Amino acid sequence: MTALWKADVERRRFLLDSTFVIGAGSAGIIRWLAEPAGERISASGPRRVGVADVAAIREVTRSFSELDNRYGGGYIRGPVVRYLHTAVTPLLREGSYGEATGRELASAAAELTRLAGWMAYDLEQHGLAQRYLLHALGLAKSAGDHGLGGEILAGLSHQAIYIGHPKHGLELARAAAVAARRSGVYSLLAEARVLEAHALALLGDRSSCAVSLHEAERAFDRRSPENEPAWIRYFDEAYLSAKVAHCLRDLGDGAQAVAHARRSLIMDGRFVRGKMFNLSLLASALLQEGELEEACSAASAALDLAKGIRSTRTRSYVRDMRRRFAPHATEPCVAELLERVGEYAGGHSGDHAGRRATVMV
């Protein structure tokens, strides 16, 4: 498992060029859900591992996560992978720890590995991201942490939907819901249900989408954030509203999409990349409603934020805005916006871009 981190540090081409595989890991996911929670985990290496070591990994993960949300994966993915290789690998391979510490160590390593996968996803290195997320799932299983495993499954669902594979995303979202119910983490259940709804919206199943949205809201109402794990605290009303807005926009309900997209902007200011995504979502929903001036204003605000973010997904959102606004290019506000988009694209023309997404989530 730690060989992935070493290979990524060394930039082995077969990893960086790997592609997203439909259904990859599906058998493992089913097995993970069916088997009892976690085998016995302990080790007797030369280095004693204690509570402080695990706490350090969790604190580093929290700090890296905040930087990722503010500046994008392009700035800090390298340091995350190096920390996994140089600090976490020795603890897993050479550590001495008992059952309880071993599970906590595996869980902390899973959280950081998940973050590395999310950063690769943010750079649209989808095959590499998938590998990291599946490795993180294995670590979560070793820890017996069904909640974290469900969160990783939700991440895989998010990725599948983003790159235009809603059927696979639907399967993964439903697997995440099973893990969420098992763990009793209702924010995770709400996330799984709203991802399920988005996949159904993209598949054109309006009635099933409505049912899943209702279930997401019911789960959200039952959550108790102060008693839930730190890794799910990002999932708040703003995040849920954005996901609901995506569903409604993709079903063609622009007016309701606008209402939810507006609510999604009442959010934690640390989530700069997320706000850029939500502003572009609002712009697209307003455009559906023919509100050109306000749509241009929202899109312009999204561009302002995009300039400080190193994220291929951010650039994909900008390209999506350009595509949506292009039919209205003769309108003065749109012409000005498209000129700004062109300047932004020119300033990022040399950046690495991964596989382009077909769906903006």
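Residues numbered from 1 in each chain as written. Predicted model: local features only at pLDDT ≥ 70, side-chain atom pairs only at ≥ 80, totals over all residues. Heavy atoms only, no water.

Undergrad: Which residues make up a nonpolar patch on the surface, and what are the values?
TA: A cluster of nonpolar residues, Leu67, Tyr71 and Tyr75, forms a patch on the protein surface that exposes about 270 Å² of accessible area. Its location among the elements puts Tyr71 in helix 4 (residues 51-71). (Patch = residues over 30% accessible without salt bridge, like charges linked within 9 Å, V, L, I, M, F, W, Y side chains within 5 Å. Areas by Shrake-Rupley, 256 points an atom, 1.4 Å probe, with all protein chains shown as cover. Salt bridge = Lys/Arg side-chain N within 4 Å of Asp/Glu carboxyl O. Helix = DSSP H or I, 4+ residues; strand = E, 2+ residues; numbered from the N terminus.)

Undergrad: So what's going on with the packing of helix 12 (residues 237-250) against helix 14 (residues 272-288)? Residues and values would help.
TA: Two elements in contact, helix 12 and helix 14, have axes separated by 11 Å at closest approach and are oriented at 30°. With respect to helix 14, the element helix 12 is oriented roughly parallel. The handedness of the crossing between helix 12 and helix 14 comes out as left-handed. Seen from helix 12, the contacting residues are Ala242, Ala245, His246 and Arg249; seen from helix 14, they are Asn278, Leu281, Ser284, Ala285 and Gln288. Classifying every residue of the contact of helix 12 with helix 14 by side-chain character gives 4 nonpolar, 4 polar and 1 charged. (Axes fitted to C-alpha atoms, helices over the stretch in contact; angles between N-to-C directions. Parallel < 35°, antiparallel > 145°, perpendicular 65-115°, else oblique. Left-handed = near helix turned anticlockwise from the far one by under 90°. Contact = heavy atoms within 4.5 Å. Nonpolar A, V, L, I, M, F, W, Y, C, P; charged D, E, K, R; others polar.)

Undergrad: Hey, could you go over the environment of His246 for me, with residue numbers and the actual values?
TA: When you line up the elements, His246 lands in helix 12. Along the backbone, His246 and Val194 are 52 residues apart, and their C-alpha atoms lie at a distance of 9.8 Å.

Undergrad: An account of the packing of aromatic side chains is needed here, citing residue identities and associated values.
TA: In this structure the tally under the stated criterion is 8 aromatic pairs. A network of ring pairs unites the aromatic residues Phe220, Tyr234, Phe235 and Tyr239 as a single cluster. Against the face of Tyr121 rests Arg313, its NZ or CZ located 4.8 Å from the ring centre. (Phe/Tyr/Trp six-rings, centres within 6.5 Å; stacked < 30°, edge-to-face > 60°. Lys NZ or Arg CZ within 6 Å of the ring centre and 35° of its normal.)

Undergrad: Pulling in residues and values, what's your account of the environment of Tyr162?
TA: Summarising the element assignment, Tyr162 is placed in helix 8 (residues 146-162). On the basis of relative accessibility, which here comes to 0%, the residue Tyr162 falls in the buried class. For the pair Tyr162 and Tyr121, spaced 41 residues apart in sequence, the C-alpha separation works out to 9.8 Å. Reaching out from Tyr162, the side chain makes a polar contact with the side chain of Glu124 at a distance of 2.5 Å. (Buried < 20%, exposed > 50% of the residue type's maximum accessible area, 1.4 Å probe, protein only. Polar contact = N/O pair within 3.5 Å; in protein donor to acceptor, adjacent residues only side chain to side chain.)

Undergrad: Summarise the layout of surface pockets; cite the residues concerned and give the values.
TA: The calculated volume of the largest pocket comes to roughly 1,200 Å³. Along its surface, the largest pocket is lined by 44 residues, and Ser65, Asn69, Trp231, Tyr234 and Phe271 are the ones closest to its centre. Of all the secondary-structure elements, those providing two or more residues to the lining of the largest pocket are helix 4, helix 6 (99-122), helix 8, helix 12, helix 14 and helix 16 (312-325). Taken together, the residues of the lining of the largest pocket break down into 18 nonpolar, 10 polar and 16 charged. (1 Å grid on protein atoms, 1.4 Å probe; cavity = no way out; pocket = protein on both sides within 12 Å on 5 of 7 lines; lining within 4 Å. Points joined across faces, edges and corners; volume = space filled by probe spheres on them.)

Undergrad: Kindly report on the state of the cysteines, identifying the contributing residues and their values.
TA: This structure, assessed with the given rule, holds 0 disulfides. The thiol sulfur of Cys247 is not disulfide-bonded, and the nearest other cysteine sulfur, from Cys209, lies at 4.4 Å. Residue classification places Cys247 among the buried positions, given a relative accessible area of 0%. Cysteine Cys333 shares no disulfide, and the gap to the nearest cysteine sulfur, in Cys296, comes to 3.1 Å. For Cys333, a relative accessible area of 15% gives the class buried. (Disulfide = S-S within 2.5 Å.)

Undergrad: Describe the environment of Glu66, with residues and values.
TA: By secondary structure assignment, the location of Glu66 is in helix 4. Separated by 204 residues in the primary sequence, Glu66 and Arg270 have C-alpha atoms spaced 7.2 Å apart. Separated by 3.0 Å, the side chains of Glu66 and Arg62 make a polar contact.

Honestly, that's just the spatial picture; any functional story needs more than this.
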